[in-house]
Each structure stands twice: as structure tokens, then as C-alpha cells.
Amino acid sequence: MDHVERFMATVRRRPVDRPCTWLGMPLAEAWPGLLEYFGVGSDTELTELLDDDLVPLEVPYHSPTSDAIYSAFDFTGQGPGTGKDRTLTTEGFFAGKTSPACVDDFDWPEPGRYIDPRECRRVAADAAAGHAVLGVVWSAHFQDACAAFGMQNALMAMYDAPELFTAVIDRITRFYLEANEIFFRATAGHLHAVLVGNDLGSQTGLMLSPVLIREFVLPGTRRLVAQAKDHGLVVIHHSCGAIRPVIPDLIEAGVDVIHPIQARAAGMEPAGLRADFGDRVAFCGGVDSQYLLVQGTPAEVRGRVRELRRVFPTGLIISPSHEAVLPDIPPANIAAFIEAAHET
């Protein structure tokens, strides 16, 4: 099997020659150590050396306030800059407001002004040839809605000002639908899958009730998933934390792969997920990046990966349990995870 065939077979829960793997998306601070350890000069060379299956491709986005689409909204009014952080703890533009009419008072960015289709085509053409290309569009409409108010205010607004919260999250969803359409059209023929999502869980449970998720979050999720499916793309849905109660809802919304199996979160045990949902959806993740990859030995990492292979002979993209590989993960443990996943 080649990389694309292996990825597609895994997503469809069909037999594979070996497990599909994804290194994830190392932070800038982690790359020097990885490149030095493996003796390569670039991320592309590392992908080839590791024989990894997926290559992430982020949406090129450049506005006066952000160089990352996941922080496109300046809800705190901090002004021009090139920051990439979404602020949830600071009060946002809509804090204290209640009328849905005020949704138009915010200066919403226009995706067409800040996404250049030519740049999208260029980065897509530069992606590692022969690998499954994952468009990292995020489209985190719920997390952005929380930033629009400030996290605590947003959760209260669902009760105190539900019409305003709905108007804000719908407007954010519209932004992502417009942005994704530009990106999908520009990269047609290059992408195999997209990564969308919102963090809905904590270590021990959901951050808000399934009822609220179904009322306020999932309508936008369904629209974003349907759009990607219309472009023939596999949809990987990201949410950190203990999200087991809403996995059936994500499956119903059309999600193909649940990411990232946060290994130490409540209810996210791989065997249970496989037993309850493995005939309806694939998964991605499972290699604990909270403790195992950071403090474990290469032998312990190999043992965990071999266990994952026994539980999921297919239907699992073996990957760290968080896509952002941090510099505190020893490269030797990355090597062990890949080697064990690729053992014959």
C-alpha cells in the first residue's frame, strides 16, 4: 500500500499492511531537536525518513491582526500584530451585551481579503508528494465564540443571552465556511482530508452539557462537515478531553475520524472506544503525550503502541494524543512510537 491507500483504508476500517501513522504538528520550539536527532534538514525530509503517512497543510492566512486563521478575530481589541493565540480568559467584544442586533457592531474580517488562492495552490503543490495531505482548517467556531465573550461570559450567555450567542457563533461559522470554500477550491486535487474541531472536553468530562453542545455547537459543526464532504474530503474532527458522551453526535454529523483519543482522559480508553464505536467511525491518536511520551522510556512507548495495534488492527491512525508535539518530548520516544507502529 502507498500512503494514501493506507490512510483511506484506515479511515474506512478496512485491512491495512501496517498501521497508518501521523507524527502530528511539532511546535517551532520542538523542530531543532527533532531535526538534529534524526539527522535531517527539514520537516519534509523527516516525513520521508519516518515513512509517515499524513502531511499537514495549514490555511495561509494573513491579516493586519493575525497570521493564523485560528486567531483571525480580534475580539479583545489588541490591534495590529502577528500573534497566533486565541484568548479565552480575557473579556471579549460581546461581554456584557445581550441583544442579537449588536452582532453587526463587530468588525468581522472578510476571508477573501486575507486568503490568497495562489498561495494556497503553492503550499499545496509543495506538500510532500505521495502522502495523504491533511488540510488543517480548524474552523473552531465554538472556541472562537467563547473568545468573543470571554470563556466564562460565553458559557453564561448560553443561558442569559442565547439569541446573541447563537448570532455570534453563526457569524463565526459563516466566516469559516467562506474561508474554507476559498481554500478547498484553490487546493482541489491536492487535499485528501481536513482537520476541523473544537475543544469540548476536560480531563474528566465535557466542559458543557451534551444538551448545550447539541443546541449551540453541533449545528455549525454539521455545516462545516457537510461542506468538506461536498468537496470529497475525509473529515477528522478534533476535540481534546473526555468527549465520549458526544461521539455518537459527531458520528451523526458525518465525521469520519475522531481525534485525538486523549489517552489519559476519562472514558477515552481505546478498547472501549473500539468496542462501542469502532464499526461506525475511525480514530486518531492514542499515544499518551501527557506522561508517556514525555517521561516514559522508548521501551514503554513501544509497548503502548503494540497494545494499540492489538486493539485496533485498523481504524486507528496511530499518533500522539495531542497534535502539538512539544519540545519536552524526547526524540527517542518519537522514534520508538514510529518504529513500533511500522513493525512487521
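Here, the structure is the one placed above.
A brief report on the enclosed structure follows. (Residues numbered from 1 in each chain as written. Predicted model: local features only at pLDDT ≥ 70, side-chain atom pairs only at ≥ 80, totals over all residues. Heavy atoms only, no water.)

### Some remarks on unusual backbone geometry
Peptide bonds are trans in most cases, and residues, glycine excluded, mostly fall at negative phi.
Consideration 1: Here the residue pair His-259 and Pro-260 is connected by a cis peptide bond, since its omega of 15° sits within 30 degrees of zero.
Consideration 2: On the secondary structure map, Pro-260 appears in the loop between strand S6 (257–259) and helix H11 (270–277).
Consideration 3: Of note, the phi angle at Ser-139 is positive, near 55°, even though the residue is not glycine.
Consideration 4: If you trace the backbone, Ser-139 turns up in the loop between strand S3 (132–138) and helix H6 (141–149). (Helix = DSSP H or I, 4+ residues; strand = E, 2+ residues; numbered from the N terminus.)

### Observations regarding the nonpolar core
It is characteristic of soluble globular proteins that their nonpolar side chains tend to be buried jointly.
Consideration 1: By size, the foremost hydrophobic cluster in this structure holds 101 residues, and its most contacted members are Phe-94, Phe-165 and Phe-283.
Consideration 2: In this structure, Phe-94 is in contact with Phe-75, Cys-102, Val-103, Phe-106, Trp-108, Ala-148, Phe-149, Leu-164 and Val-168, ignoring residues within four places of it in sequence.
Consideration 3: Among the nonpolar cores identified, the runner-up in size contains 19 residues, and Cys-20, Leu-195, Val-234 and Ile-236 belong to it. (Core = buried A, V, L, I, M, F, W, Y, C linked by side-chain atoms within 4.5 Å. Buried < 20%, exposed > 50% of the residue type's maximum accessible area, 1.4 Å probe, protein only. Contact = heavy atoms within 4.5 Å.)

### Digging into the side chain of His-342
Consideration 1: Tracing the chain through its elements places His-342 in the segment after helix H14 (331–341).
Consideration 2: Each residue touching His-342, except ones within four places of it in the same chain, is listed here: Arg-18, Pro-19, Thr-21, Leu-50, Asp-51 and Arg-309.

### A short note on the layout of surface pockets
Leftover empty space is mapped by rolling, across the atoms, a probe with the size of a water molecule.
Consideration 1: Of the voids in this model, the largest pocket is the one considered here, and its volume is about 1,400 Å³.
Consideration 2: Lining of the largest pocket is provided by 47 residues; of these, Met-25, Pro-26, Glu-58, Tyr-70 and Trp-138 occupy positions nearest its centre.
Consideration 3: Within the residue set of the lining of the largest pocket, elements represented by two or more residues are helix H3 (43–50), strand S2 (54–58), helix H5 (117–126) and S3.
Consideration 4: By residue class, the composition of the lining of the largest pocket is 27 nonpolar, 8 polar and 12 charged. (1 Å grid on protein atoms, 1.4 Å probe; cavity = no way out; pocket = protein on both sides within 12 Å on 5 of 7 lines; lining within 4 Å. Points joined across faces, edges and corners; volume = space filled by probe spheres on them. Nonpolar A, V, L, I, M, F, W, Y, C, P; charged D, E, K, R; others polar.)

### Concerning the sheet that holds strand S7 (residues 282–287)
Consideration 1: Strand order in this open sheet of 8 strands is S1-S8-S7-S6-S5-S4-S3-S2, and the pairing throughout is parallel. Each end of this open sheet is capped by a strand with a single partner; those strands are strand S1 (20–21) and S2.
Consideration 2: Direction of pairing for strand S4 (residues 193–197) relative to strand S5 (residues 234–238): parallel, over a ladder of 5 bridges. Note on S5: the bridge partner recorded for Leu-195 is Ile-236.
Consideration 3: On top of the sheet, helix H1 (residues 3–11) reaches S1, S2, S3, S4, S5, S6, S7 and strand S8 (316–320); it is set at about 65° to S5, its chief contact. (Pairing = 2+ DSSP bridges. Axes fitted to C-alpha atoms, helices over the stretch in contact; angles between N-to-C directions.)

### Comments concerning the pairing of S5
Consideration 1: Burial analysis of S5 places 5 of its 5 residues in the buried class, the great majority of the element.
Consideration 2: By the alternation rule, side chains of S5 split into Val-234, Ile-236 and His-238 and Val-235 and His-237, which are all buried.
Consideration 3: What joins S4 to S5 is helix H9 (residues 210–230), and the crossover it makes is right-handed.
Consideration 4: Both S5 and S6 contribute to a ladder of 3 bridges, which runs parallel. Each residue of the ladder has a partner; that of Ile-236, found in S6, is Val-257.
Consideration 5: The handedness of the S5 to S6 crossover, carried by helix H10 (residues 247–252), is right-handed. (Right-handed = clockwise from strand over helix to strand, strands pointing away.)

Interpretation in functional terms is not warranted from these geometric data alone.
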